[in-house]
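Observations on chain architecture
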Amino acid sequence: MLTRREEVVKFLKQLREEIILGFQAFEPSHRFQRTPWSHTTGGGGEISLIRGDIFEKAAVNWSGVSGETFPMNDAMGPFFATGVSLITHMANPHAPTVHMNIRYIETEQKTWLGGGFDLTPMGFPYVEDTAHFHSVARKGLEPFGADLYPEFSQKAREYFYNPHRKKERGVGGIFFDHFSSGEFDRDLEMWKAVGKMFLDCVVPIYQRRIDQPFSALEREIQLEMRAHYVEFNLLYDRGTKFGFLSGGNPEAILCSMPPLAKW
């Protein structure tokens, strides 16, 4: 019988393969390149990166690391942290960037779940894309409580916010951290559901947008909006901070950076 940690890692690795296959279907002429890495204090991970015709750059990474000192102020002492994190930067300006992360963290004091995903149009938001993205998230969370989607979507609005730009970085999504209802098994099923619903959120949007014509001016707008994305990830993103403070692999952490941006 699997331990809780083994169950979580098994799920994350399976989910990662499903997402890679879903993205790979858009890129028959290109393949994800995998690069394993080891953590200095225990564990490691694997970068899986593609640069293609549809995905100018996309990464779907897994990590499972441990150490003697938790690097943030959430807890103290030894820890184990594992998760899947992904980012897409699309060749077509009309196809939005999407981010997803789900994570599981154990410390001596407590164990918690976190995660979410959000949609960031690069200058060209579409009402129907935003509506689809949010409707899938809402329906996916409903079995676990009618209050979860309103709560998580509000947290996303607050978290994915660029204070110096005085605006959200995109059109929202869902976000949660340190989640615990007091029923861990049920919370774990909700957490798994967030990961499983991700492809349904984004694939129909990409199917609509990747072949849409675009101009040189629209490409310039996309590059300028990517710069705002970079600013958020380097200044405010908790995952970026955790990765660096815990001694993670810089190449894996910085996979969230677009291949090109413009200020």
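Placed above this text is the structure.
Residues numbered from 1 in each chain as written. Predicted model: local features only at pLDDT ≥ 70, side-chain atom pairs only at ≥ 80, totals over all residues. Heavy atoms only, no water.

With that out of the way, let us pick up the overall build of the protein. Broken down by element type, the protein carries 7 helices and 9 strands. Here the C-alpha atoms of the protein give a radius of gyration of 18 Å, agreeing with the 18 Å that 2.2 N^0.38 yields for 263 residues. Out of the 263 residues belonging to the protein, those deemed buried represent 56%. In the protein, the proportion of contacts linking residues at least 24 apart, taken out of those at least 6 apart, comes to 66%. (Helix = DSSP H or I, 4+ residues; strand = E, 2+ residues; numbered from the N terminus. Rg over C-alpha atoms; globule rule 2.2 N^0.38 Å. Buried < 20%, exposed > 50% of the residue type's maximum accessible area, 1.4 Å probe, protein only. Contact = heavy atoms within 4.5 Å.)

Let's shift gears to the environment of Arg138. Within the secondary structure, Arg138 sits in helix H2 (residues 127-141). Given the relative accessible area of 35%, Arg138 is considered partly exposed. C-alpha of Arg138 to C-alpha of His228: the two residues are 90 residues apart in sequence and 27 Å apart in space.

With that settled, consider the packing of H2 against helix H4 (residues 184-209). The description of two packed helices rests on the angle between their axes and on the distance between the axes. Close contact between H2 and H4 brings their axes to 9 Å; oriented N to C, the two are set at 160°. By the angle between their axes, H2 is roughly antiparallel relative to H4. Helix-helix and strand crossings are classified by hand; for H2 and H4 the assignment is right-handed. Residues Glu128, Asp129, His132, Phe133, Val136, Ala137, Gly140 and Leu141 of H2 form the contact with H4, whose own contacting residues are Met190, Ala193, Val194, Met197, Asp200, Cys201, Pro204, Ile205, Arg208 and Arg209. Here the residues of the contact of H2 with H4 are counted per class, giving 11 nonpolar, 2 polar and 5 charged. (Axes fitted to C-alpha atoms, helices over the stretch in contact; angles between N-to-C directions. Parallel < 35°, antiparallel > 145°, perpendicular 65-115°, else oblique. Left-handed = near helix turned anticlockwise from the far one by under 90°. Nonpolar A, V, L, I, M, F, W, Y, C, P; charged D, E, K, R; others polar.)

What follows concerns the packing of aromatic side chains. Ring pairs (aromatic) are described by centroid distance and by the angle formed between their planes. If you walk through the whole model with that rule in mind, you get 17 aromatic pairs. With a centroid separation of 5.5 Å and an interplanar angle of 80°, the aromatic rings of Phe117 and Phe133 are classed as edge-to-face. Of this pair, Phe117 sits in strand S6 (residues 111-120) while Phe133 sits in helix H2, placing them 16 residues apart in sequence. No difference in accessibility class separates Phe117 from Phe133, as the two residues are buried. Among the aromatic residues, those joined into a ring-pair cluster are Phe23, Phe26, Phe55, Phe117, Phe133, Phe198 and Tyr206. Here the guanidinium or amino end of Arg209 rests over the ring plane of Tyr126, the centre of that ring lying 3.6 Å away. (Phe/Tyr/Trp six-rings, centres within 6.5 Å; stacked < 30°, edge-to-face > 60°. Lys NZ or Arg CZ within 6 Å of the ring centre and 35° of its normal.)

Here we take up the sheet that holds strand S2 (residues 43-50). Strand order in the open sheet formed by 7 strands is S1-S2-S3-S4-S5-S6-S9, with antiparallel pairing between adjacent strands. Strands at the two margins of the open sheet, each flanked by one partner only, are strand S1 (33-38) and strand S9 (173-179). The mean inter-strand angle of the sheet, taken between neighbouring strand axes irrespective of direction, is 10°. On the sheet, helix H1 (residues 4-24) packs against S1, S2, strand S3 (55-67), strand S4 (79-90), strand S5 (97-107) and S6 and is oriented at approximately 10° with respect to S4. (Pairing = 2+ DSSP bridges.)

It is worth spelling out the pairing of S3 at this point. Here S3 lies mainly inside the structure; 11 of its 13 residues are buried. Where S2 lies against S3, 6 bridges are found, and the strand directions are antiparallel. Residue pairing across strands places Gly43 opposite Val65, the latter belonging to S3. Linkage of S2 to S3, two consecutive antiparallel strands, is achieved through a turn of 4 residues. Strand direction decides the pairing type here: S3 and S4, joined by 12 bridges, are antiparallel. What sits directly across from Ser63, in S4, is Gly83.

Take the environment of Glu7 next. Inspection of the secondary structure puts Glu7 in helix H1. With relative accessibility at 30%, the residue Glu7 sits in the partly exposed group. The residues touching Glu7, leaving out its near neighbours within four places in the chain, are Leu2, Leu188 and Lys192.

Glancing now at the packing of H2 against helix H3 (residues 148-159). Two numbers describe how H2 lies on H3: the axes approach to 9 Å, and their chain directions differ by 135°. Comparing the axis directions of H2 and H3 gives the class oblique. Residues His134, Ala137, Arg138 and Leu141 of H2 touch H3, and the partners they reach there are Leu148, Tyr149 and Phe152. Looking at the contact of H2 with H3 residue by residue, the classes come out as 5 nonpolar, 1 polar and 1 charged.

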